[in-house]
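# Secondary and tertiary structure notes
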Amino acid sequence: MLMYMASPTHILSIPFDIKVQHWELQFIRAAVANDVLSKKPLFEAAGLATDYFHNHDEADDRDGRTVNRYPLIQYTEKNDYLCLLAVGPAVDALLFYLKHMPGRLQFRNRIVAMLPVLSYARFQHYTAEILEKPAKYQLRQWIGLQEHRHAIWKQTPRMEDRVQLLNEALLGSVKRMLTEGLNQSLDPAAECYLHDIFQADHTTYKKRQWRCFTLEFYSNLLLPAELGLGKGCSIGYGKLLAPASLIKAVPAFPDANARTGVL
C-alpha cells in the first residue's frame, strides 16, 4: 500500500576505483567540495547548486556555517571502495561533476586517480510505502542520539528505557531522511523498533564525543539502501543496509565499460 501518491525520488550511487577507510571520507568530501567550488561558474551556468557537495552556506564568508538540512550528496564506502550518493535535485549536480572532475584528487597525504566504475552505478527510483511484513535493516556506525537524547541516555540506568530512546531516535532519523531528503511523507502507521545491537562505541564527530551504534532494526517501511541516517551521514555514518529483495535499483549506465570516466 502506498503511503501517498508521491513522485519517485531519484537516488544515484556511483562507486569509484579508490580504496578508502572510513576516517578518510571527511577529507575526500573536503577535497571534492574545494574542487567543485573552483568550478562554481560552470555549475552556475548550468543552473546547478554547488553547496550540495558540502552542505555549508557559501554566502557566509566568516565560517561557512552548516546548512541545516539532510545531506543530498553523501560520501560513503562500499566494500572498502569510495562511493558517492546523490538524492533528488543533487543527482544532476553529481552527473555534471562527473563530466568535469579532475583526473586526480589530493586529500591528506594521498593523490588518487578519479575513476568512477560506471558499470556498477545504480539508480533507485524511490517511493515510500508500507510493507505487508516488517523488514529487517542494519545501521552501521549510527550517531542517532541528538544532544538532548544523548544527555538523557547518559543519565538513564534502565536498559529498557534506553531501548525506548533508541526506538524514538530511529523513527526520528527515518522521518528526517524521508521528509527532508527524499520529499516523501511519513505514514502514521510507520514504525521502527530495535532488534539487536552489535556494537556501541564512542566516536568523535565535529570535535565532540558521541555514542555510535551498529545495530539491526525492523520497520514496516520500505527504506532506500545505502543512504545515511543521523549525524555524520554525509561522511558514511549511519549507513542503511536493506535486504536485497527490497532494493529496487537499476543500472545508471547500462552500456558503460567497467572502468571509465567518460559519459
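The shown structure was predicted, so the numbers you read here are calculated from the model rather than taken from an experiment.

### What about the overall build of the chain?
Tallying secondary structure elements over the chain gives five helices and 11 strands in all. The C-alpha atoms of the chain give a radius of gyration of 19 Å, which matches the 18 Å a tight globule of 263 residues would have. Seen along its three principal axes, the alpha-carbon backbone of the chain occupies a region of about 55 × 40 × 35 Å. In the chain, buried positions account for 51% of the 263 residues. A separation threshold of at least 6 residues defines the contact pool for the chain, and within that pool the share at least 24 residues apart is 73%.

### Remarks on the packing of aromatic side chains
Applying the stated criterion across every chain, the model contains nine aromatic pairs. On the numbers, 5.6 Å between centres and 65° between planes, the contact of F53 with Y97 is edge-to-face. Here F53, found in the loop between α2 (40-45) and β2 (73-78), pairs with Y97, found in helix α3 (residues 90-100); they are 44 residues apart in sequence, far enough to count as distant. Looking at F53, the relative accessible area reads 0%, which means it is buried. Centroid distance Y193 to Y218: 5.8 Å. Interplanar angle 15°. Geometry classified as stacked. Here Y193 is found in strand β8 (residues 192-205), whereas its partner Y218 is found in strand β9 (residues 208-221), with 25 residues between them in sequence. Of the residues examined, Y193 reaches a relative accessible area of 32% and is grouped as partly exposed.

### Notes on helix α4 (residues 147-154)
Turning to α4, its buried residues are R149, H150 and W153. Looking straight down α4, one finds that the buried residues subtend no more than 105° of arc, so they occupy a single side. Looking at the packing, one finds that the buried side of α4 touches α5 (159-181) and β9.

### Some details on the sheet that holds strand β6 (residues 122-126)
One open sheet holds the five strands; their spatial order is β2-β3-β1-β6-β11, and the pairing between them is antiparallel. Each of the sheet's edge strands pairs with one partner strand only, and the pair in question is β2 and β11 (249-251). Each strand of the sheet is rotated relative to its neighbour by a mean of 25°, with strand direction disregarded. Of the pairings in the sheet, the one linking strand β1 (residues 9-19) to strand β3 (residues 81-87) comprises six bridges and is antiparallel in character. For I11, the partnering residue across the bridge sits in β3 and is V87.

### Here's the deal with the side chain of T203
Here T203 shows up in strand β8. What makes T203 buried here is its relative accessible area of 13%. At 2.9 Å, the side chain of T203 forms a polar contact with the side chain of Y237. The residues touching T203, leaving out its near neighbours within four places in the chain, are I143, R208, Q209, W210, C212 and Y237.

### Looking at the pairing of strand β5 (residues 110-113)
For strand β4 (residues 104-107) and β5, the ladder comprises four bridges, and the chain directions are antiparallel. Across the sheet, residue L105 finds its bridge partner in β5, namely V112.

### Topic: the nonpolar core
In terms of nonpolar packing, the biggest core is built from 82 residues, with I14, F16, F53, Y137, W142, F217 and L223 touching the most fellow members. Leaving out residues up to four positions away in the same chain, F16 has contacts with Y81, L82, L84, L98, M101, M114, L115, P116 and V117.

What counts and what doesn't
Counting restarts for each chain: residues are numbered from 1 in the order of the written sequence. With the structure being a predicted model, the display of local features is reserved for residues of pLDDT at least 70 and the display and counting of side-chain atom pairs for 80 or more, all residues being used for whole-chain, interface and lining totals. In computing side-chain values, all of the structure's heavy atoms are included and hydrogens and water are not. Secondary structure is summarised from DSSP: a helix means a run of H or I of at least four residues, a strand means a run of E of at least two, and numbering begins at the N terminus for each. Radius of gyration here uses only the C-alpha atoms, and the compact-globule reference equals 2.2 Å multiplied by the residue count raised to the power 0.38. Residue exposure (1.4 Å probe, protein chains only): buried if accessible area is under 20% of the type maximum, exposed if over 50%, otherwise partly exposed. For this analysis, residues touch if any pair of their heavy atoms sits within 4.5 Å. To pair, rings of Phe, Tyr and Trp, with the six-membered ring standing in for Trp, must have centres within 6.5 Å; the planes then decide the type, stacked if under 30 degrees apart, edge-to-face if over 60, and tilted in the middle. This arc is taken over the directions from the axis of the helix to the C-beta atoms. Two strands form a pair only when DSSP identifies at least two bridges running between them. Axes, fitted as lines to C-alpha atoms, cover a helix only where it is in contact. Angles between the N-to-C directions of the axes lie from 0 to 180 degrees. Polar contacts, as used here, are pairs of N or O atoms within 3.5 Å; protein pairs need one atom able to donate a hydrogen and one able to accept it. Residues neighboring in sequence count only if both atoms are side-chain atoms. By nonpolar core is meant a set of buried Ala, Val, Leu, Ile, Met, Phe, Trp, Tyr and Cys residues that side-chain atoms within 4.5 Å join together.

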